[in-house]
Amino acid sequence: MSEEIKDETTVGNTPDGAKKAVEPTQEQPVQTVPYDRFKEVNDAKKASETELEALRAKIADAEAKEAEEAGKFKELWEKEKAAREAAEQAQVNAKLDFYKETELSKAGYTGEKLATVKALLTGDTEEALKAQIDSFKELFPTSQYVDPSLSNGGQRPAAPTPNDAEQNAREAARKLFKRKGAR
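Please read all numbers here as calculations on a predicted model, not as lab measurements.

## Some remarks on the side chain of lysine 100
So, point 1. With respect to the element layout, lysine 100 can be found in helix 3 (residues 73-106).
So, point 2. Within the buried core, lysine 100 has no salt-bridge partner, and the shortest N-O distance to an opposite charge, that of aspartate 97, equals 5.3 Å.
So, point 3. Beyond its immediate stretch of four places on either side in the chain, lysine 100 contacts Lys118, Leu121 and Leu129.

Encoded structure:
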């Protein structure tokens, strides 16, 4: 029997044990999936996913009913309570985060400075955050840049007036070129 197995395994090999290399004579055509077939498979996948979700929901409902029947009300109640508390905490954190950003932007912080100061704020209530923001105003003052056009009284700078020597040279050049052109 072992001889039969050896014969079957060596049928496709060369006598020296090296495998034959397949040389492509022509380029292999690229196979594409028709859109109709793709849509069919994709729709089937989506249908099976929705069916799976429906089955998971049924299983969860069945487990809840079994737990109710078995008298595990307390365990279910604790799970629901923990989920509700987590959702409430996330909501409070989102409100405080929004409050931090609005108050810091009102205080004049923008960009990187706003992100840095926001990360340093640790208050749990709006009053505590307001007090921290007031103290941060002193530690991290906002830069009030001055408009450079205001330093000259709001007027635009006048065009430079040419000096008399330059003006005289231009007039002499014009007269000279007029004379050359008149000849």
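## Points about the packing of aromatic side chains
So, point 1. For the coordinates displayed, the defined rule picks out one aromatic pair.
So, point 2. Aromatic pair tyrosine 35 and phenylalanine 38: ring centres 6.5 Å apart, planes at 40 degrees, arrangement tilted. Of this pair, tyrosine 35 and phenylalanine 38 both sit in helix 2 (residues 35-70), three residues apart, roughly one helical turn.
So, point 3. We classify phenylalanine 38 as partly exposed; its relative accessible area is 47%.

## Concerning helix 4 (residues 111-120)
So, point 1. If you check which residues of helix 4 are buried, you get Leu114, Val117 and Lys118. Looking straight down helix 4, one finds its buried side chains confined to an arc of 105 degrees; they lie on one side. In helix 4, those exposed residues whose orientation departs by more than 90 degrees from the buried face are Glu112 and Ala119.
So, point 2. Residues of helix 4 that are buried make contact with helix 3 and helix 5 (126-139).

Calculation rules
Residues numbered from 1 in each chain as written. Predicted model: local features only at pLDDT ≥ 70, side-chain atom pairs only at ≥ 80, totals over all residues. Heavy atoms only, no water. Helix = DSSP H or I, 4+ residues; strand = E, 2+ residues; numbered from the N terminus. Buried < 20%, exposed > 50% of the residue type's maximum accessible area, 1.4 Å probe, protein only. Lys, Arg positive; Asp, Glu negative; His and termini not counted. Salt bridge = Lys/Arg side-chain N within 4 Å of Asp/Glu carboxyl O. Contact = heavy atoms within 4.5 Å. Phe/Tyr/Trp six-rings, centres within 6.5 Å; stacked < 30°, edge-to-face > 60°. Arc of directions from axis to C-beta.

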